[in-house]
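# Summary of structural features
Next come the chains, spelled out residue by residue.
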Amino acid sequence: MVDDLPTGYYLDNFLYFTEFVQNHYSDLLNSTEDRFCAEFSDLSLAEQRLFVRLISRKGPYFRTDKLRYDEIDNLDLALDGLVERGFVSRNHLHDAQAWLNLATKPEVIANFEVAARSSRKAELCEAVDQDYELDVIQARLPFDLVEPAHGETLKVFKLLFFGNLYQDLTEFVLRDLGVSPFEQYPLDATGRYFDQRSVVDGMLEAYGFQELAHSAIETPDINLGQFTREYLLGIESDDPQLSRRYSKIFNRVARQLERESETNLALALYHKSNLTPARERLTRLLAGRGEPELALKTCETIVSSAQSEAEHEFAVNFGARLCKKFGLDAARLPDREENLFPVENICLAQVEGERVETTVAKSLSQAGGVALHVENGLLPGLFGLYFWDIIFVPVRGVFFNPFQRGPTDLFTDQFFRSRQRLIEQRLSEMGSVSRVEHRILDTYRHKTGVANHFVMWRTLTPELISMSLARMPIEKIRAIFIRLMRDLKANRSGFPDLVVFPVKSGYELVEVKGPGDTLQDNQKRWLRFFATHGIHARVLNVTWQL
């Protein structure tokens, strides 16, 4: 890990960030964004550093007396320059409470006449806000407030660079510190996440609606139904990226509308969504409002075009219950899968402060074997290591910035289609355990700590890898890899808590359930798969000794 970063490292990163966007998306930038880049380049070094420092901090408002950066010469002069050039606004905040919130309690007491000095700061601020005008509050507080400008422009740059708004410049810092290094892959100069400005603007608008939806759900005095009618029902988009983003919003708002008994509006939003669990919720709502035939028809539609194993399983199980309850014809639905995996009970002494998985692991190790708490860290980790180079193979258009934990198509059907020959070839090489072990351990040595969606570095060790490959039949691991590949997003979770290696030979996967805990659906699917394929796995239901 790097202990000290070079002076001005953050400015170097920001320049890389903006120049990258200019080079890759120059045709999508508007005049405002082009002007920002030109005007930023005209700032002095001190002004550039101060602006980047401000936009990298949690704000948006900052006290001028709290700004201290040793590497910036004459900070006051740099701040004045930023204000003059429109990169920072000074004292433009017209919310008295916001001013007071940035002051300390002693500052409030020292600069204003307050009756109850022992009161909480919030109460003091409320009293000052009622007794004093904004201009007086601003004049009496011993600081100015500044706010960096160009926030909307920087949102555009962030979206173009990262493809989202949740990553930011801290990714550069983490990389520079070696905390979360990313795989080195060639960036495809011809492949871009966005090809049309309309999609960029639409995505920014969608993020805005997402924030509005969050506020509408969390704020009791906002009418969520009115928000839905005014903003959401009219949204339409044929673009896959935008459609997916809006579908997430529709699902979340519709679920809250259900809780508020706004059934018709919830149904309308679920009909607009193309993401799970929209059709599941739609089916449940239809059944709940007395339309079982329509609910069953929706189940049949899901079975014929399921987006995932989970959705298919819901449709089969819920449809069967509808048929039984209302006497409907279940001929077009497949049979329900039975849970044939072994389930056993165990009674143990509870250890205060110890996780139930740890207690069970200790119990299973008493015969001299090894029991480790690995959960989703072992088998998905082996998968990620074995297919590492294929996951990061430079397919056109899937790597567009240096801070990706995987290709953009990783959790889509396109991932397998684009790499089918490579994947099938790699699977065919799994006849040799030594060959598989060599590849996985070699990748482990060279990639330790590098970000990968499937690899939990805190779980995997060379010893665990070697033991697993020595004890688990390679054809069973291959079968697990193939099922993982069918739905990488859903199937990378749900694995049993423990892996157990008895003294002499063999292995066992154990799912631990403490008192009151039940199996999740994705865990049941994996357990059924293990039972069908002869993979040793069981469920241990734990009760505590009295």
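Bear in mind that the values here come from a model prediction, so they are computed numbers and not experimental data.

### Here's the deal with the packing of aromatic side chains
The full count for this structure, using the stated rule, is 49 aromatic pairs. For the cation-ring pair, arginine 483 lies above tryptophan 526, with the distance from its terminal atom to the ring centre recorded as 4.2 Å. Just above the ring of phenylalanine 529 sits the side chain of arginine 483; from NZ or CZ to the centre is 5.7 Å.

### Notes on the sheet that holds strand 7 (residues 508-513)
Strand pairing in a sheet relies on backbone hydrogen bonds, with the paired strands running either antiparallel or parallel. Reading across from one edge, 4-8-7-6-5 is the order of the five strands in this open sheet, with mixed pairing throughout. Looking at strand neighbours, the two that pair on one side only are strand 4 (343-348) and strand 5 (370-373), the edges of this open sheet. Neighbour-to-neighbour, the strand axes of this sheet turn through a mean angle of 30 degrees, independent of strand direction. Judged from the six bridges that link them, strand 4 and strand 8 (residues 537-544) form a sheet pairing that is parallel. Among the inter-strand pairings, asparagine 345 is bridged to a residue of strand 8, identified as asparagine 541.

### Observations concerning the pattern of salt bridges
Within the structure shown, the criterion is met by 34 salt bridges. One salt bridge in this structure joins arginine 289 and glutamate 291, with 2.9 Å as the shortest N-O distance. Owing to a relative accessible area of 38%, arginine 289 belongs among the partly exposed residues under this scheme. Among the ionic pairs, arginine 538 bridges to glutamate 508, the shortest N-O distance being 2.5 Å. Of the two residues, arginine 538 is situated in strand 8 and glutamate 508 in strand 7; the sequence distance between them amounts to 30 residues.

### Observations concerning the environment of glutamate 375
Following the sequence through the fold, glutamate 375 ends up in the loop between strand 5 and helix 19 (379-386). The sequence separation of glutamate 375 and leucine 498 amounts to 123 residues, and the corresponding C-alpha distance is 6.1 Å. Here the side chain of glutamate 375 touches histidine 373 through a polar contact of 3.4 Å, side chain to side chain.

### Side note on the packing of helix 15 (residues 278-288) against helix 16 (residues 292-304)
Look at helix 15 against helix 16: their axes get within 7 Å of each other, and the N-to-C directions meet at 160 degrees. Taken together, the axis directions place helix 15 and helix 16 in an arrangement best described as roughly antiparallel. When you trace helix 15 past helix 16, the crossing you get is left-handed. Counted together, Arg279, Glu280, Leu282, Thr283, Leu286 and Ala287 of helix 15 and Pro292, Leu294, Ala295, Thr298, Cys299, Thr301 and Ile302 of helix 16 form the full contact between these two elements.

### A closer look at the pairing of strand 6 (residues 498-501)
Burial along strand 6 is two-sided: the residues Leu498 and Val500 and Val499 and Phe501 are all buried. Inspection of the sheet shows strand 5 paired to strand 6 by four bridges, in the antiparallel sense. Within the sheet, the bridge partner assigned to leucine 372 lies in strand 6 and is valine 499. Counting the residues in the hairpin turn of strand 6 and strand 7 gives six residues, including glycine 506, whose phi is positive at 85 degrees.

Cut-offs applied
Residues numbered from 1 in each chain as written. Predicted model: local features only at pLDDT ≥ 70, side-chain atom pairs only at ≥ 80, totals over all residues. Heavy atoms only, no water. Phe/Tyr/Trp six-rings, centres within 6.5 Å; stacked < 30°, edge-to-face > 60°. Lys NZ or Arg CZ within 6 Å of the ring centre and 35° of its normal. Pairing = 2+ DSSP bridges. Helix = DSSP H or I, 4+ residues; strand = E, 2+ residues; numbered from the N terminus. Axes fitted to C-alpha atoms, helices over the stretch in contact; angles between N-to-C directions. Salt bridge = Lys/Arg side-chain N within 4 Å of Asp/Glu carboxyl O. Buried < 20%, exposed > 50% of the residue type's maximum accessible area, 1.4 Å probe, protein only. Polar contact = N/O pair within 3.5 Å; in protein donor to acceptor, adjacent residues only side chain to side chain. Parallel < 35°, antiparallel > 145°, perpendicular 65-115°, else oblique. Left-handed = near helix turned anticlockwise from the far one by under 90°. Contact = heavy atoms within 4.5 Å.

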